[in-house]
Amino acid sequence: MSWLKKLVTLMIFGTLLSVFLIVAFYFYVKDDLPNEDSIRDVRFQIPMRVYTAEGELISQFGEKRRDPVLYSEIPQALKDAIIATEDSRFYDHFGIDPIGVVRSALVVISTGRKAQGASTITMQLARNVFLSLDKRWMRKIKEIYIALHIEQIMSKEEILTLYLNKIPFGNRAFGIGAAAQVYYGKDISELTLPQLAMIAGIPKATTRYNPIRNPDLAKWRRNVVLGRMFAVGAIDEQTYEEAKQAPITAKLHGAKITAPAPYVAEQVRKEMVDRYGLEKAYTEGFNVYTTINGDAQIAARKAVRNNIHSYDERHGYRGPTRFLWDSENIDSTSEQNAAWDSDKIVNYLSRIKDYGDVIPAVVTNVMDNSVYVLAKGGKVEVLDWDNLKWARPYINDNKQGDAPEFAAQILKEGSLIWLRQNDDLSYRLSQKPLVSSSLVAMNPNNGDVIALVGGYDFAHNQYNRITQAKRQIGSNIKPFVYSGAIENGTTLATLINDAPITKWERNSVWRPANSPETYNGPTRVRRGLAESKNVMAVRVMRTLGVDKTVEFLTRFGFAKSDLPENETISLGSAALTPLSVVTGISTFANGGFLVEPNLIERIETVSGEVVYQATKMVANLDDNELTNMNIDMTEPNPQPRNEMAAPRVISTENAFLISEALNSSIWGGGTWSKGNGWNGTSWRAQKLKRRDFSGKTGTTNDAADTWFTGFNDSIVATTWVGFDAPGRALGRTSFNANLSNDEQESGAEAGAVTALPGWIDFISQISDSIPVAKREIPEGIVSVRIDRKTGLLSRKTDHTTEFEYFIKGTEPTKYVDEFSPITIDEEKDIIDEEEGIF
């Protein structure tokens, strides 16, 4: 019995030693163990998401992609797969699986190597959340203690949920929600059994069993998972056999962006980093809701790109990017001069990135009036003559070659070219554009930015031309100049002399000229603004003076430092951003109030708590309305609207008169059948058939910058077109004999030709959602019949007269038949004296 006593003594000693070691180790690592609060308050590193006003995803920012899911949202098949594969006794153990430990120890003893792990799901959770992945004994001891602690304070459901939301799945996906999106582009609830089994197999080794990187190994691992599920009775044999045969369908998916607006996303990202710092902004799971309207944003992006390509095509084709083989000297025995086969072409094209709306392709066959191409992705396309005939040679920005007569004059086999898809899904010969453009649209009543496109393609150029580019504004400045004159007593019927100006300054001379250089003599202000007469703008500015004009323009939010203090300011020599222009013009649209542009509506935490609500400057809001409108009680969860009354900077009457004159910029005036009809510079916008819109073109010297800003009382939008290199002229185009008048613009580039079509395209796409504005005449406005030539009162009712609006007290008091006409000599004296005001 002595050996038995010795064995018992040894066991008791061993037990006491084990208890001692456990207690000793516990006190040794105790200070490093997380407390209950930190375990329960495990924070996910959730990326920041940016949304439209309607909740469409614009973008997300963060190193780790994570979409936390609740226990109730986890598919049962996935729970079964994970437990069967990772920890089959998960519901039976207390954080450590003794059977697993013994089995693992026996394997080590018998084979001399660790071939089977003993970590439970709880231990893996402890390691992933609270410890490093270093393979050290002390880390393993801490892992055990943390696992035991977790089991004491959390239920099995809580542990499994936290585990499935924290563990990595490769490709920056953390948690099953992100894994489902990354590998299948779907919600976790939409995945099939083979797809769920694939995801369940990845955590074992995220690189080795990654279905993107190693599809064969991933499939083998998936089938192991299915086998374990069958072994534990989670699925039957038929289901198991069918799932094993399923093909690999995983492929890399980006964030499920439904409203792409990269320039908006970058602007929001900058603001969030400034507000919270980089780490917090990227990991706290903020949901940023912008003021962007999804449909308007898509329309703006399409309009900008279409307009850029229209400009690019009318200036000619710059030719293929390169020639992959010499089609005129093909030698099948020479590898260098042989035509490429389709596999080689497809492989080559796969390495070329798309550029905005254009994709690469290679010409494989040229017919008389069509071309066969192999496009990226391996699809054969046919470019018919209608999609080729525009491509006359580009010579320079001002000159194009002759229109082609057949396809071989444009392309040859082996040409690497670019294609653009038409609305009917056919393809058109295209090219990478060189010109730039931008578009921004705003709600003029509260400053909400509803669409913002800062350039052609953010992926290739992140420069935001809406907020960063200060370019000369051209005639877009004139509404503000005329507004100052109206405040100083000028009316829409005031006659201003439309005649050349010559101003001597020391040893130089300034001769501002109209474009085109036609002059009408004494002309009413309405027509002068609508036709954008340069010399009239100079004379109108002189009624106020340079200093007072500059001071007046600052009312519209323009920085004084951006405004040149000389007479060129009346012609748009000021360099401003499109965002500042659209903000300033909003004043005319909303009745005289200066609003502030706003892009972020609110910021929410991952739990839905609102941590920021934009404070908006709202037009036409008095103190009583502000009190009543602070909280909208009709909303499910009423939130403070944080509205403030926007400051009034011009009178309602002033804003109304400028809007009226700018409406004439689109619709003109007079009676064409009687010989006195005229068009404003924005007449192309008549195609919208919307009488409620007003607008103003803008063109700088040599057409280096072209603008159009149009509005009604619910939307204002500004487009800009130009080259990023300041001073490079947009040039001119000659008539293309292959195209009809309706298919082209020719002549010099200008705001009306270059920028306005983009604005028209944008508005036409969203016109149905823009309420038709009802023109409300302010109380301080009167309407009287005037003579169209002199602006004086008239007793006639024929084509020589029209009704005109005036601020009460400024309407004419004399009738035209009481007016003594100006003689030619008197008019010459007025022109010489540079007064020009009648």
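These notes cover the structure that comes with them. (Residues numbered from 1 in each chain as written. Predicted model: local features only at pLDDT ≥ 70, side-chain atom pairs only at ≥ 80, totals over all residues. Heavy atoms only, no water.)

**Comments concerning the overall build of the protein**
Within the protein one finds 24 helices and 30 strands. A burial count over the protein gives 51% of its 838 residues as buried. The long-range fraction of contacts in the protein, counting pairs at least 24 apart against all pairs at least 6 apart in sequence, stands at 68%. Approximately 40100 Å² of the protein is accessible, and the part contributed by carbon and sulfur atoms is 50%. (Helix = DSSP H or I, 4+ residues; strand = E, 2+ residues; numbered from the N terminus. Buried < 20%, exposed > 50% of the residue type's maximum accessible area, 1.4 Å probe, protein only. Contact = heavy atoms within 4.5 Å. Areas by Shrake-Rupley, 256 points an atom, 1.4 Å probe, with all protein chains shown as cover.)

**Describing the sheet that holds strand E26 (residues 716–722)**
The five strands are arranged E13-E12-E26-E25-E24 in an open sheet whose pairing can be described as antiparallel. Looking at strand neighbours, the two that pair on one side only are strand E13 (449–453) and strand E24 (694–699), the edges of this open sheet. Taking each pair of neighbouring strands and ignoring which way they run, the sheet shows an average axis angle of 10°. Across four bridges, strand E12 (residues 436–442) lies against E13 in antiparallel orientation. (Pairing = 2+ DSSP bridges. Axes fitted to C-alpha atoms, helices over the stretch in contact; angles between N-to-C directions.)

**Remarks on the layout of surface pockets**
In this approach the atoms are scanned with a rolling probe the size of a water molecule, which exposes any empty space left behind. Empty space within the second largest pocket amounts to approximately 1400 Å³. Along the wall of the second largest pocket there are 36 residues; nearest its centre are Asn306, Ser310, Arg420, Asp742 and Glu743. Sorting the residues of the lining of the second largest pocket by element identifies helix H14 (294–314), strand E10 (415–421) and helix H23 (751–766) as the ones contributing at least two each. The element best represented in the lining of the second largest pocket is H14, accounting for 10 residues. A per-class count over the lining of the second largest pocket returns eight nonpolar, 10 polar and 18 charged. (1 Å grid on protein atoms, 1.4 Å probe; cavity = no way out; pocket = protein on both sides within 12 Å on 5 of 7 lines; lining within 4 Å. Points joined across faces, edges and corners; volume = space filled by probe spheres on them. Nonpolar A, V, L, I, M, F, W, Y, C, P; charged D, E, K, R; others polar.)

**Here's the deal with the pattern of salt bridges**
One pass over the structure, following the stated rule, counts 36 salt bridges. Close ionic contact of Glu241 with Lys244 constitutes a salt bridge, the shortest N to O distance being 3.8 Å. Of this pair, Glu241 and Lys244 both sit in helix H11 (residues 237–244), separated by three residues, roughly a single helical turn. Put simply, Lys302 and Asp423 hold a salt bridge, and the shortest N to O gap is 3.6 Å. With Lys302 in helix H14 and Asp423 in the loop between E10 and strand E11 (427–430), the pair connects residues that are 121 residues apart, well separated along the chain. (Salt bridge = Lys/Arg side-chain N within 4 Å of Asp/Glu carboxyl O.)

**Notes on empty space enclosed by the protein**
Overall, the coordinates contain two cavities of 30 Å³ or more when judged by the stated rule. There is about 80 Å³ of room inside the largest cavity. Taken together, 13 residues form the lining of the largest cavity, with Pro262, Tyr263, Arg301, Val453 and Gly455 sitting closest to its centre. Only helix H12 (262–276), H14 and E13 provide two or more residues apiece to the lining of the largest cavity. Residues that form the lining of the largest cavity fall into these classes: eight nonpolar, two polar and three charged. Computed from the structure, the second largest cavity encloses a volume of approximately 50 Å³. Every residue along the wall of the second largest cavity is listed here: Tyr311, Asp312, His315, Arg318, Tyr394, Asp397, Leu434, Val435, Phe723 and Arg728. For the lining of the second largest cavity, the class distribution of residues is five nonpolar, one polar and four charged.

**Quick look at the pairing of strand E1 (residues 48–51)**
The side chains of a regular strand alternate between both faces of the sheet. Burial along E1 is two-sided: the face carrying Met48 and Val50 and the face carrying Arg49 and Tyr51 are both buried. What sits between E1 and strand E2 (residues 57–61) in their antiparallel hairpin is a turn of five residues, with Gly55 showing a positive phi close to 95°. Direction of pairing for E1 relative to strand E3 (residues 287–290): parallel, over a ladder of three bridges. The residue bridging Tyr51 from the neighbouring strand is Tyr289, located in E3.

**Focus on the environment of Ala725**
Inspection of the secondary structure assignment puts Ala725 in the loop between E26 and strand E27 (732–733). Separated by 21 residues in the primary sequence, Ala725 and Ala704 place their C-alpha atoms 9.2 Å from one another.

In short, geometric facts, not functional conclusions.
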